[in-house]
Structure formats: structure tokens, C-alpha cells
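The lines below spell out each chain.
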Amino acid sequence: MKKTEKKIVGVIGGMGPLATVDLYRKIVEHTDADCDQAHVRTIIDSNTNIPDRTAALLSGGESPVKELQSSARLLEQAGAQVLVMPCNTAHCFYDAVQACVGVPILNMIELTVQALKRQSISRAGLLATDGTVQSGIYQRHFEGSGIELLLPDPEGQAAVMDMIYAGVKAGRTDYDTTAVRTALDKLMETGAQILILGCTELPPAFEMYDLDYPNLDPTLTLALAAITASGGTVK
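Procedures and definitions
- Residues numbered from 1 in each chain as written.
- Predicted model: local features only at pLDDT ≥ 70, side-chain atom pairs only at ≥ 80, totals over all residues.
- Heavy atoms only, no water.
- Pairing = 2+ DSSP bridges.
- Helix = DSSP H or I, 4+ residues; strand = E, 2+ residues; numbered from the N terminus.
- Polar contact = N/O pair within 3.5 Å; in protein donor to acceptor, adjacent residues only side chain to side chain.
- Salt bridge = Lys/Arg side-chain N within 4 Å of Asp/Glu carboxyl O.
- Buried < 20%, exposed > 50% of the residue type's maximum accessible area, 1.4 Å probe, protein only.
- Axes fitted to C-alpha atoms, helices over the stretch in contact; angles between N-to-C directions.
- Contact = heavy atoms within 4.5 Å.
- Phe/Tyr/Trp six-rings, centres within 6.5 Å; stacked < 30°, edge-to-face > 60°.
- Lys NZ or Arg CZ within 6 Å of the ring centre and 35° of its normal.
- Core = buried A, V, L, I, M, F, W, Y, C linked by side-chain atoms within 4.5 Å.

Our focus in this paragraph is the sheet that holds strand 4 (residues 123-127). If you trace the 4 strands from one edge of the open sheet to the other, you get 5-4-6-7, paired in parallel fashion. The sheet is open, and its two edges are formed by strand 5 (148-150) and strand 7 (215-216), each paired on a single side. Examined bridge by bridge, strand 4 and strand 6 (residues 194-197) share 4 bridges and lie parallel to one another. When the bridges of strand 6 are listed, Gly-125 appears paired with Leu-195.

Glancing now at the side chain of Thr-200. The residue Thr-200 is located in the loop between strand 6 and helix 10 (202-208) in this model. From its side chain, Thr-200 meets the backbone oxygen of Met-15 in a polar contact 3.4 Å long. A distance of 3.0 Å separates the side chain of Thr-200 from the backbone oxygen of Pro-86, its partner in a polar contact.

In the structure shown here, the tally under the stated rule is 9 salt bridges. When the shortest N-O distance is used, the salt bridge between Lys-26 and Asp-217 registers 2.5 Å. Taken together, the residues Lys-26 in helix 1 (residues 17-29) and Asp-217 in the loop between strand 7 and helix 11 (218-230) connect sequence positions 191 residues apart. A single burial state applies to Lys-26 and to Asp-217, both of which are buried. As a salt-bridge pair, Asp-174 and Arg-172 come within 2.6 Å of each other at their nearest N and O atoms. Classification of Asp-174 by relative accessible area gives exposed; the value is 55%.

Taking strand neighbours across the sheet as the criterion, the 3 strands line up as 2-1-3 in an open arrangement whose pairing is parallel. Only two strands of the sheet have a single neighbouring strand rather than two, namely strand 2 (42-46) and strand 3 (82-84). Ignoring strand direction, the axes of neighbouring strands in this sheet form an average angle of 20 degrees. Sheet analysis places strand 1 (residues 9-13) next to strand 2, joined by 5 bridges and oriented parallel. Across the sheet, residue Gly-10 finds its bridge partner in strand 2, namely Ile-43. With respect to the sheet, helix 1 is in contact with strand 1, strand 2 and strand 3, its orientation differing from that of strand 2 by roughly 170 degrees.

Looking now at the packing of aromatic side chains. If you walk through the whole model with that rule in mind, you get 2 aromatic pairs. Taken together, a centroid distance of 6.0 Å and an interplanar angle of 25 degrees make the contact between Tyr-138 and Phe-142 stacked. Within this pair, Tyr-138 and its partner Phe-142 are both found in helix 7 (residues 137-142), separated by 4 residues, close to a single helical turn. In this structure Tyr-138 comes out as buried when scored by relative accessible area, which is 0%. Residue classification places Phe-142 among the buried residues on the basis of a relative accessible area of 4%. Over the face of the ring belonging to Tyr-165 we find Lys-169, whose NZ or CZ atom lies 5.7 Å from the ring centre.

Attention now goes to the nonpolar core. Nonpolar side chains tend toward joint burial in soluble globular proteins. Judged by nonpolar contacts, the single largest core of 21 residues is most densely connected at Leu-127, Met-163, Leu-195, Leu-202 and Phe-206. At the level of secondary structure, the elements contributing two or more residues to this core comprise helix 8 (154-168), helix 9 (178-189), strand 6 and helix 10. By residue number, the principal contributor to this core is helix 8, which donates 5 residues. Sequence-distant contacts of Leu-127, defined by excluding residues within four places in its chain, comprise Pro-152, Val-160, Leu-184, Leu-187, Leu-195, Ile-196, Leu-197, Gly-198, Cys-199, Leu-202 and Phe-206. One finds Ile-12, Leu-75, Phe-93 and Val-97 within the second-largest nonpolar core, a separate group that totals 20 residues.

Below, the structure is given as C-alpha cells:
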């Protein structure tokens, strides 16, 4: 029997580097493979030149579109047949990036909506950057889904942002999570059944800082979709 040719997955990475590593690790760990050749062939561009997405959206920072498109084109030219973008805030620029290539880019936020619907979730707390929250990108994707999105209060949102930037991005393993835990407790008390880790720095943060709350990891959701799209088998 002829071996089925799997598609090559391209990763528009570097937002940040640890989040890129987290995605690739999840692709490897969740692929049903008994040898190297059964894994997903993956090309990663950890493009750390991509400007900060939140700064671009909220404070007039440099647009990331040019560098996002550069990575997408580079990966397509290198042979990638399906692309993934492990950064929630970057999905605010999804249409512009998709328009510059002829291969599909999996939409992590839409995949997250579908995953929550399969779990029959009706109320979810959104943890994300200020840029993602204020852009309304999650809110738009959740319209008509039957799932209510709950957001942290301003103090809680500031705590989440601080953990992302002063904790994970700064590589601080000793980061004090007291304020974050207070914010997460409040979300759960107001009726959230699950917390959406809507920034790709948050899954590593929850692991690094032992944040034991019911959550949905969009990075894992994207990893599973990438395995399937490549023609691989999910474990």
C-alpha cells in the first residue's frame, strides 16, 4: 500500500519564542506516532522581529502585518501547505496574513469556539492581552455561539497582563501570582465554568506557576487541528 503523503505544517512563530516551543511540543506529544516518520513535518519561523501586537492595537506601535506576512510567505516558499499562528492577538491581523498566501491558515480563535461548544460550555472567562480583549476579536467570534464571555475586572486584567509580560516573557520563574489568583477566583465566582487561556504565553504560565483552574488551552486546540490538517493522527 502506498504511504499517504502528509502535508507540511508551517509555524509563524516568535510571539513569543516560549509560546512557539509550547505549540510544537504539543504537536509532537499529541501525534499518534511510533517512529520519527509518523510525526508531522513542521517548518518553524520563530520571527522575533514581529512587533508587539498589543502595542500596535492600543498605542500606535508599529504594525506587525509586514513581518507576519513575511513569515507566512517564507514558510509557503519553503514548502508549508498549512500554516498556524500561535498568538491570539496576532489573529486581529488574520485576514491580512491569509490574503498574502495561497495556503490555509488555521484560525485558533474559531477553533476555540468549536472546542467549547463540543464541551457544552455556556459561560467562559477570557484571559488575554489588553490588545486581544479591546480589539473584540474573541467577542466577534463568540457571537451567536451561545457561550457568554466573562472578562476580568480592570484590576484583574492588569494582573493578567503583568504575568504575561513581567512573568512569562521576562522568564521569571519566581513571579508572584497572588494578584492573578485573586482575578481568576473572581471569574470563577461570577459563574465561569472554564477559563480560556487566550494568550499563548498563558499555557506555559499556568504550568510554570501551578495555576490549577479549569481551562481550555487554545494552543493545544490549534496543535490538534494542525496534526489533523497535516494528515497525521491525534493520540
